[in-house]
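Descriptive structure summary
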Amino acid sequence: MTKVFNVKRMSEYAASLMRRWPLTLTLGGALLAAGPLGVAHAQSDGDAAVLQAKDAFRVRDKDRLASARDAALAAGHPLAPWADYWALQARLVSASVSEVDAFLARWPESYVADRLRNDWLLVLGNRRDWSTFLRIKPAFRMNDDREVMCWDVLARQQTGVAQEGPGDLREQARRAWWAQKDADTGCDAMAQTLFKAGVLTSDDVWRKLRLSIEADKPRAAQKAAVMLGDVVAQAMTRIQGQPRAYLMDGDRGQATGVPVRAPVLKPEPAHTKVKKAKSGRNKVVRPSDLPQVQPPVPRELQGPLNLLAFIRWAAMDPQAAAQALDDPQRRAGWGWRAEESAWAWSQVGRQAAQRLMPEAPQYFERAMGSFDELSPGEGPRAWSVDTLAWMARAGLRWATAGQPAYWSLVDRAVTAMPPDMQQDPTWVYWKARALISRPGVSRLQGREMLVRISSGLGFYNLLAAEELDGVAPKPPVAPPRPTEAELSQVMAWPGVDRALRLFALGWRTEAVKEWNFTTSYGKPGGQTSEREVLALAEIACQRELWDRCINTSERTRQAIDLSQRFPTPMRSDVLAAASEAGLDPAYMYGLMRQESRFITVARSNVGAAGLMQVMPATAQWTAKRKGIPFTQDMITDPLVNMKIGASYLKLVLDDLGGSQAMAAAAYNAGPGRPRRWREGAKVDAAAWAENVPFAETRDYVKRVVANAVVYGHVLSGKPMSIRARLGATIGPRATDQPPPEMDLP
């Protein structure tokens, strides 16, 4: 009954909004006045209250914000929920439970309700109001906040309420804490409380310390160290700053009480300063100026602390760390168990693999060899997912470079990954390749794994399909276009109405959040079907909201509409710019889709701008090189941006021998890096892409190449062969090629 009531109420609400506040755009996409995003930007008189509310929220003027909120509510403005959210969020720390309950009841099934629910759960956790927290938490639909997950575990432990989801209390606590990106109040409070209660153990804390040091999260590491006492906390301070020194003499020095100077973490207060006298008699001596004698480190702590220092040192200088680790006498002096030695070798392997060092697979083999001494329950499953990923990458890089014995590293690394990670197409593909490299039944198992991922349009989906049959996969059959009735139905959803109005006001951040929530959860009274997702994507496409058009359409699994997922805006202009530069237009479209999603005014946090996200200095250099008239105020002009971007892309493509994977890496990370990354052995081109050291660039390369494959079909009906674009191998520059153009920015 409740669900039926909500559906009726939401339908009536949507209908009343559409009557009172009709949109200035039609189902066919016709506009009264189109701005850069293809949405009307004209503001009605009724928008004034909402505009005032946002401005007041920006400057934290609570009184003006409350007044604007009241005006928007009184007028029944469609964006009144946002004004209401800003007004309550600005004073949420002091809000009462009844006030928040009333807000959530006013705007059921809306984005702002769920976002406030997230904010409110954090406040409730800090208040230790467990009963209200546990009442509110089940309705948190996005459930995307790690700190809330930690508060949830703590709330259930404090109240005795049974855990939800897989795993017992300890397992859920460890999973949430270990996945914490950096120190935060909720996860720290949960960990400290459960450690004191005996739910979390010292081994759990040491594991957290290893993961934090490995991920270069010093605050999280220091917080965890405090849980183990002053000795560990003080040792951690030195380990973070001087890991090699700690390893070479720190464990012995601290055990005997050798004085070390305590670091100054922040300036002393101004009132401690006095005018310096020549004699020095009036100088204020601060505690931090005195030699600090560190307490002795008990023998049972020396091994674990030495491992933390080694992890830190390996990240700084893996080659020197490996040489030290290879010394049996020194290794014995560090007091490690077999499991700790294995972890140390894995860290040298990980850092070497990220630097594409040929020794990387050997280091991982040393780590795996240490497990011969371990009990059956121990092994690489305890390592971080990043370490396991780099173990697999090291194996596949050198296995495809003529050392097939290293396929076993790929197999063992993927087998040790968490179940959800094993299902990622990346690791399904490479484990399949490892199995296929063996004779007999393993080869059949590998082909079965390729079949599982051969139906999508991603990098590894396309590779798997081509690997199976030796020919390019066929494009998906286009689903029927959304009907006018289907478009009308989703247009009546309040979340769609709000999102389009936010776009019309130019509030892209809020509009995208509203839109994304609506596509996942915003259907009144139920889950969004694939036909409804296609209709939502079509509405965005018609209004040239290309990022929402693409991202929304990508949510479907069965019905794949290439015209939505791979649109061709400004087609004649793109083709002209590509032709003038001598560039494949499919490759250019593939890069633009990844760079900006065709948002003409897009700007990155490092200053890249426009459709092709060109850096200002690069634009200036390219314009001068190619004789293109240019000033910096022209950088987001679509035609100028495309002309400069296409010209620069062609320059790096030629410099890198026509390799689209390397040119994409150069476009994202600068040409000097792929020049270095191509050195060494000649490797499979897909393995080269997977071994790009930077996560952002690695993902970028794979997406650009896969995009180009599909755009080749969309533009000219070409077979969707990813191998044709990747090439067979990537290796050092051939001796008959011209030298690199070193002045390319």
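Position labels on residues start from 1 in each chain and follow its written sequence. Only residues with pLDDT of at least 70 are given local features in this predicted model, and only at 80 or more are side-chain atom pairs given and counted; all residues enter the totals for whole chains, interfaces and linings. Excluded from the side-chain calculations are hydrogens and water; all other atoms, namely the structure's heavy atoms, are used.

1. Comments concerning the overall build of the protein
Note on conventions: DSSP H or I runs of at least 4 residues are helices, E runs of at least 2 residues are strands, and numbering of each starts at the N terminus. Counting secondary structure elements, the protein contains 40 helices and 4 strands. The buried label applies to any residue whose accessible area, calculated with a 1.4 Å probe on protein chains only, is under 20% of its type's maximum; exposed applies above 50%, and partly exposed to all values in between. A burial count over the protein gives 52% of its 745 residues as buried. Considering only contacts within the protein whose residues lie at least 6 apart along the sequence, 64% involve residues at least 24 apart. Accessible surface, the protein: about 33100 Å² in total, of which carbon and sulfur atoms supply 53%. Should any heavy atoms of two residues lie within 4.5 Å, those residues are counted as being in contact. The accessible surface values rely on the Shrake-Rupley method and a 1.4 Å probe; as for residues, cover is taken only from the protein chains in view.

2. Considerations on unusual backbone geometry
The phi dihedral of Met-570 falls on the positive side, at around 50°, and the residue is not glycine. Turning to its location among the elements, Met-570 is positioned in the loop between α31 (562–565) and α32 (571–581). For Phe-598, which is not glycine, the phi torsion reads 65° and is therefore positive. Assignment of secondary structure puts Phe-598 in the loop between α33 (585–595) and α34 (616–626).

3. Topic: helix α28 (residues 508–521)
Helix span, expected: 1.5 Å multiplied by one less than the number of residues in the helix. Helix length check: α28, at 14 residues, gives a terminal C-alpha distance of 20 Å against a target of 20 Å (1.5 Å per residue), a fit within 8%. If you check which residues of α28 are buried, you get Glu-510, Ala-511, Val-512, Glu-514, Trp-515, Phe-517, Thr-518, Thr-519 and Ser-520. On its buried side, α28 packs onto α2 (48–58), α4 (80–89), α6 (111–127), α27 (494–504), α29 (530–542) and α30 (546–553).

4. Looking at the packing of aromatic side chains
Centre distance within 6.5 Å is the pairing criterion for rings of Phe, Tyr and Trp, where only the six-membered ring of Trp is used; planes under 30 degrees apart are then read as stacked, over 60 as edge-to-face, and the remainder as tilted. Within this structure, the stated rule accounts for 23 aromatic pairs. One aromatic cluster in this structure is built from Phe-57, Trp-82, Tyr-85, Trp-86, Tyr-111, Trp-507, Phe-517 and Tyr-521. Sitting over a ring, as applied to charges here, requires NZ of Lys or CZ of Arg to be within 6 Å of the ring centre and within 35 degrees of the ring normal. Over the ring of Trp-343 we find Arg-210, and its NZ or CZ is 4.6 Å from the ring centre. For Arg-397, the ring lying beneath its charged end belongs to Trp-398, and the centroid distance is 5.4 Å.

5. A look at the state of the cysteines
When two cysteine sulfur atoms are found within 2.5 Å, that pair is recorded as a disulfide. Counted under the stated rule, the structure contains 2 disulfides. Note on cysteine connectivity: Cys-150 is disulfide-linked to Cys-187, with sulfurs 2.0 Å apart. Its torsion about the S-S bond being 80°, the disulfide of Cys-150 and Cys-187 is classed as right-handed. With Cys-150 in helix α8 (residues 146–159) and Cys-187 in helix α10 (residues 185–196), this residue pair connects regions lying 37 residues apart in the sequence. Pair check on accessibility: Cys-150 and Cys-187 agree, each one buried. For Cys-541, the disulfide goes to Cys-549, at an S-S distance of 1.9 Å. Judged by the sign of its S-S torsion, about 65°, the cystine formed by Cys-541 and Cys-549 is right-handed. Just as Cys-541 is buried, Cys-549 falls in that class too. Looking at the protein, its bonded cysteines, counted consecutively from the start of the sequence, adopt the pairing 1-2, 3-4.

6. Considerations on the packing of helix α15 (residues 299–316) against helix α18 (residues 338–354)
Convention adopted: a line fitted to C-alpha atoms gives each axis, helices being fitted over their contacting stretch, and angles between N-to-C directions are expressed from 0 to 180 degrees. Put simply, α15 and α18 touch, their axes get as near as 9 Å, and they point 10° apart. It follows from the interaxial angle that α15 and α18 lie roughly parallel. Together, Gly-303, Pro-304, Leu-307, Phe-310, Ile-311, Ala-314 and Ala-315 of α15 and Glu-340, Trp-343, Ala-344, Gln-347, Val-348 and Gln-351 of α18 make up the contact between the two elements. Partitioning the contact of α15 with α18 into residue classes produces 9 nonpolar, 3 polar and 1 charged. Throughout this description, any angle smaller than 35 degrees is read as roughly parallel, any larger than 145 degrees as roughly antiparallel, any in the 65 to 115 degree range as roughly perpendicular, and the remainder as oblique. Three categories are distinguished: nonpolar for Ala, Val, Leu, Ile, Met, Phe, Trp, Tyr, Cys and Pro, charged for Asp, Glu, Lys and Arg, and polar for the others, with Gly belonging to the last.

7. What about the layout of surface pockets?
Here the largest pocket is characterised by a volume of approximately 1200 Å³. What lines the largest pocket is a set of 35 residues, and nearest its centre among them are Pro-425, Gly-458, Asn-461, Asp-699 and Arg-703. For the lining of the largest pocket, the secondary-structure elements that each account for two or more residues are α18, α20 (385–399), α23 (425–436), α25 (459–469), α33 and α39 (695–716). Tallying contributions element by element places α39 first for the lining of the largest pocket, with 7 residues. As a volume, the second largest pocket reaches approximately 940 Å³. The distinction between a cavity and a pocket rests on a 1 Å grid over the protein atoms alone: a 1.4 Å probe fits inside a cavity but cannot get out, while a pocket stays open yet meets protein on both sides within 12 Å along at least five of seven lines, and a residue with an atom within 4 Å of a point counts as lining. Considering the residues around the second largest pocket, the lining is formed by 31 residues, among which Trp-178, Arg-207, Ser-384, Val-385 and Pro-418 are closest to the centre. Of all the elements, helix α11 (residues 202–214) adds the most residues to the lining of the second largest pocket, at 5 residues. When grouped by side-chain class, the residues that make up the lining of the second largest pocket number 14 nonpolar, 5 polar and 12 charged. Grid points are joined across faces, edges and corners, and a volume is the space filled by probe spheres set on the points.

8. What to know about the environment of Arg-501
The residue Arg-501 is located in helix α27 in this model. We classify Arg-501 as buried; its relative accessible area is 11%. Placed 454 residues apart in sequence, Arg-501 and Asp-47 show a C-alpha to C-alpha distance of 9.9 Å.

9. Section: the side chain of Thr-400
Here Thr-400 lies in the loop between α20 and α21 (407–416). Throughout this description, a polar contact denotes any pair of N or O atoms lying within 3.5 Å of each other; where both atoms belong to protein, one of them has to be capable of donating a hydrogen while the other can accept it, and for residues adjacent in sequence the pair is counted only when both atoms sit in side chains. A distance of 3.0 Å separates a polar side-chain atom of Thr-400 from the backbone oxygen of Leu-396. Reaching out from Thr-400, the side chain makes a polar contact with the backbone oxygen of Arg-397 at a distance of 3.1 Å. Contact partners of Thr-400, with chain neighbours within four places excluded, come to Trp-407, Trp-430, Arg-433, Lys-682, Val-683, Asp-684 and Ala-687.

10. Looking at empty space enclosed by the protein
In total, this model carries 1 cavity of 30 Å³ or more according to the counting rule given. Here the largest cavity is characterised by a volume of approximately 40 Å³. Lining the largest cavity are Trp-177, Asp-188, Ala-191, Gln-192, Lys-208, Ala-220, Lys-223, Ala-224 and Met-227. Among the elements of the structure, α10 and α12 (218–227) are those that each provide at least two residues to the lining of the largest cavity.

11. Quick look at the pattern of salt bridges
Definition used for salt bridges: Asp or Glu carboxyl oxygen within 4 Å of a side-chain nitrogen of Lys or Arg. Counted under the stated rule, the structure contains 49 salt bridges. The closest approach of N and O atoms between Arg-58 and Asp-55, which form a salt bridge, is 2.7 Å. One end of the pair is Arg-58 and the other is Asp-55, both in helix α2 and 3 residues apart, which spans about a single turn. On the basis of relative accessibility, which here comes to 58%, the residue Arg-58 falls in the exposed class. What makes Asp-55 partly exposed here is its relative accessible area of 30%. Linking Arg-174 and Asp-204 is a salt bridge whose minimum nitrogen-to-oxygen distance equals 3.1 Å. One end of the pair, Arg-174, is in helix α9 (residues 169–178); the other, Asp-204, is in helix α11, with 30 residues separating them in the sequence. Using a relative accessible area of 1% as the deciding quantity, one classes Asp-204 as buried.

12. Overview of the confidence of the model for the protein
Close inspection of predicted coordinates is inappropriate in any region flagged by low pLDDT. For every residue, the predictor states its confidence as a pLDDT score lying anywhere from 0 to 100. Confidence in the prediction for the protein averages 89 pLDDT; 87% of positions are at 70 or higher. Taken together, the stretch residues 1–42 has pLDDT below 50 and engages in 86 contacts with residues farther than four places along the chain or on a different chain.

13. Quick word on the packing of α21 against α23
Orientation of α21 relative to α23, taken along the N-to-C sense of each, is 140°, at an axis distance of 9 Å. Judged by the inter-axis angle, α21 sits oblique to α23. As for how α21 packs across α23, the hand of that crossing is left-handed. In contact with Trp-407, Val-410, Asp-411, Val-414 and Thr-415 of α21, α23 contributes Trp-427, Trp-430, Lys-431, Arg-433, Ala-434 and Leu-435. Class assignment of the residues belonging to the contact of α21 with α23 gives a composition of 7 nonpolar, 1 polar and 3 charged. If you view the pair so one helix is near and one far, a crossing is left-handed when the near helix is turned anticlockwise from the far one by less than a right angle, and right-handed when it is turned clockwise.

14. Things to note about the environment of Ser-647
Here Ser-647 is to be found in helix α35 (residues 638–655). Taking the relative accessible area as the measure of exposure, Ser-647 reaches 9% and is therefore buried. In sequence terms Ser-647 and Ala-619 are 28 residues apart; their C-alpha atoms lie 9.8 Å from each other. Not counting residues within four places of it along the chain, the set of residues in contact with Ser-647 comprises Ala-581, Thr-622, Lys-626 and Ile-628. In this structure the side chain of Ser-647 is engaged in a polar contact, spanning 2.8 Å, whose partner is the backbone oxygen of Lys-643.

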